[in-house]
Structures are given as C-alpha cells and as structure tokens.
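One-letter residues, chain by chain:
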Amino acid sequence: MSSSHSTLALELNPCRSSSNQAFGTKVTMVEGGVKVQHVSQVSVNSDLTEDVINALSKAKADATIEILRFMGSTCTSEGCRSDEKISDYKNPGEYLRAFVPIRQCYTPKKFVKVMVELSPKTMKSAKSRNN
C-alpha cells in the first residue's frame, strides 16, 4: 500500500501487488500506549471519481468500525466477541477524529484499500484540534 506523510491529504496511488499488508487488525505496543491499525478493502467497478471517493469513504468507515469493535471486544479461551452495534460514545464526532487514515491505494475498476490507525499520537492530535 502507498504511504503519505500528510494525514489530511492522502495521495491515491496504485495498489502494488508486492504490498503484503494483511487485512484485518494489527496491534503494536508503542511509546505511550498501543497503536491499532486496520486495513479494509472495498470493491469499485468503475473509474468514476464519485465511485472511487465513495469506496474510499466506505473503506475508512469499515476500518474505523472494526477498530472500535476490536477495542470493545470481550475475549475468552473460546475467542473474542464484540457487540454488533457500537453505541456507547456520547460525542462520536470528537472521538472519531483520532481515527486517522494513514495509507490508501486504488486498483482501477477493482478495489481501494485504506489503513486506519488509532494511536497515542493520533489521539493527542485529535485533542489538540478540539482546543
């Protein structure tokens, strides 16, 4: 997947077949806490700008929801389970600013991939934007 330094204006590069970024949720210990990343892929069957933008938005939303589900899951020896709907945030707009798309790519007329991250760094950035 392509990478960009700016979280506000990500480039939309072609997905490389050599990209071995696994789908799903990845958890890494970092200074100050835990970094959680999720990669989602959404099909897009045209090259129309509107369709690509809609697919990118859906992939970002899907990845964010999966991180929230992962964070709210209950794990036992039989596996992890999470609620189907996430409804316990009083101000979701403020909270969701900490979920940042950090990579995205596009394969024409096939799919988009988006990686969303929640980390101490993104949470700190979200708090500073609220003040």
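About the cut-offs
- Residues numbered from 1 in each chain as written.
- Predicted model: local features only at pLDDT ≥ 70, side-chain atom pairs only at ≥ 80, totals over all residues.
- Heavy atoms only, no water.
- pLDDT = per-residue confidence, 0-100.
- Contact = heavy atoms within 4.5 Å.
- Helix = DSSP H or I, 4+ residues; strand = E, 2+ residues; numbered from the N terminus.
- Expected span 1.5 Å × (residues − 1).
- Buried < 20%, exposed > 50% of the residue type's maximum accessible area, 1.4 Å probe, protein only.
- Pairing = 2+ DSSP bridges.
- Axes fitted to C-alpha atoms, helices over the stretch in contact; angles between N-to-C directions.
- Disulfide = S-S within 2.5 Å.
- Core = buried A, V, L, I, M, F, W, Y, C linked by side-chain atoms within 4.5 Å.

Details of the confidence of the model for the chain
Piece 1. Summing up the model confidence of the chain, the mean pLDDT is 79 and the portion of residues at 70 or higher is 73%.
Piece 2. A low-confidence stretch, residues 2–8 (pLDDT under 50), is modelled with twelve contacts involving residues beyond four sequence positions or located in other chains.

As for helix α1 (residues 49–71)
Piece 1. For α1, which comprises 23 residues, the first-to-last C-alpha distance of 33 Å matches the rise-based estimate of 33 Å (1.5 Å per residue) to within 8%.
Piece 2. Residues Val52, Ala55, Leu56, Ala59, Ala63, Thr64, Ile67 and Leu68 constitute the buried set of α1.

Side note on the environment of Val42
Piece 1. On the secondary structure map, Val42 appears in strand β3 (residues 33–43).
Piece 2. Judged by relative accessible area, which is 12%, Val42 ranks as buried.
Piece 3. Excluding its chain neighbours within four sequence positions, the residues that come into contact with Val42 are Ala55, Lys58, Ala59, Asp62, Lys110, Phe111 and Val112.

Observations regarding the sheet that holds strand β7 (residues 111–118)
Strand pairing in a sheet relies on backbone hydrogen bonds. The paired strands run either parallel or antiparallel.
Piece 1. Here we have five strands laid out as an open sheet, ordered β1-β6-β7-β3-β2, and mixed in their pairing. The open sheet terminates on both sides in strands that have one partner only, identified here as β1 (13–14) and β2 (24–30).
Piece 2. As defined by bridge partners, β1 adjoins strand β6 (residues 100–107) across two bridges and the pair is classed as parallel. Its bridge partner being in β6, Asn13 is matched across the sheet by Cys105.
Piece 3. Contacting β2, β3, β6 and β7, α1 crosses the sheet at an angle of about 140° to β3.

Comments concerning the state of the cysteines
Piece 1. A full pass over the atoms with the stated rule returns one disulfide.
Piece 2. Residue Cys15 pairs covalently with Cys105 via a disulfide, S to S 2.0 Å. On the S-S bond that ties Cys15 to Cys105, the torsion sits near 95°, and the link is right-handed. A residue pair is termed long-range when its members are at least 10 positions apart, and Cys15 in the loop between β1 and β2 and Cys105 in strand β6 qualify at 90 residues.

Section: the environment of Lys124
Piece 1. Tracing the chain through its elements places Lys124 in helix α3 (residues 120–130).
Piece 2. On the basis of relative accessibility, which here comes to 64%, the residue Lys124 falls in the exposed class.
Piece 3. In this structure the C-alpha to C-alpha distance between Lys124 and Ala98, which are 26 residues apart in sequence, comes to 7.8 Å.

Structural notes on the nonpolar core
Inside soluble globular proteins, nonpolar side chains tend to come together where they are buried.
Piece 1. Ranked by internal contacts, the top residues of the largest apolar core, which has 18 residues, are Val44, Val52, Ile67, Phe99, Val112 and Val116.
Piece 2. Mapped by element, the contributors of at least two residues to this core are β3, α1 and β7.
Piece 3. Residues within four places of Phe99 in sequence aside, it is in contact with Lys60, Thr64, Ile67, Leu68, Val116, Glu117 and Leu118.

A closer look at unusual backbone geometry
Piece 1. In this structure, Lys109 is a non-glycine residue whose phi angle is positive, near 60°.
Piece 2. When you line up the elements, Lys109 lands in the loop between β6 and β7.

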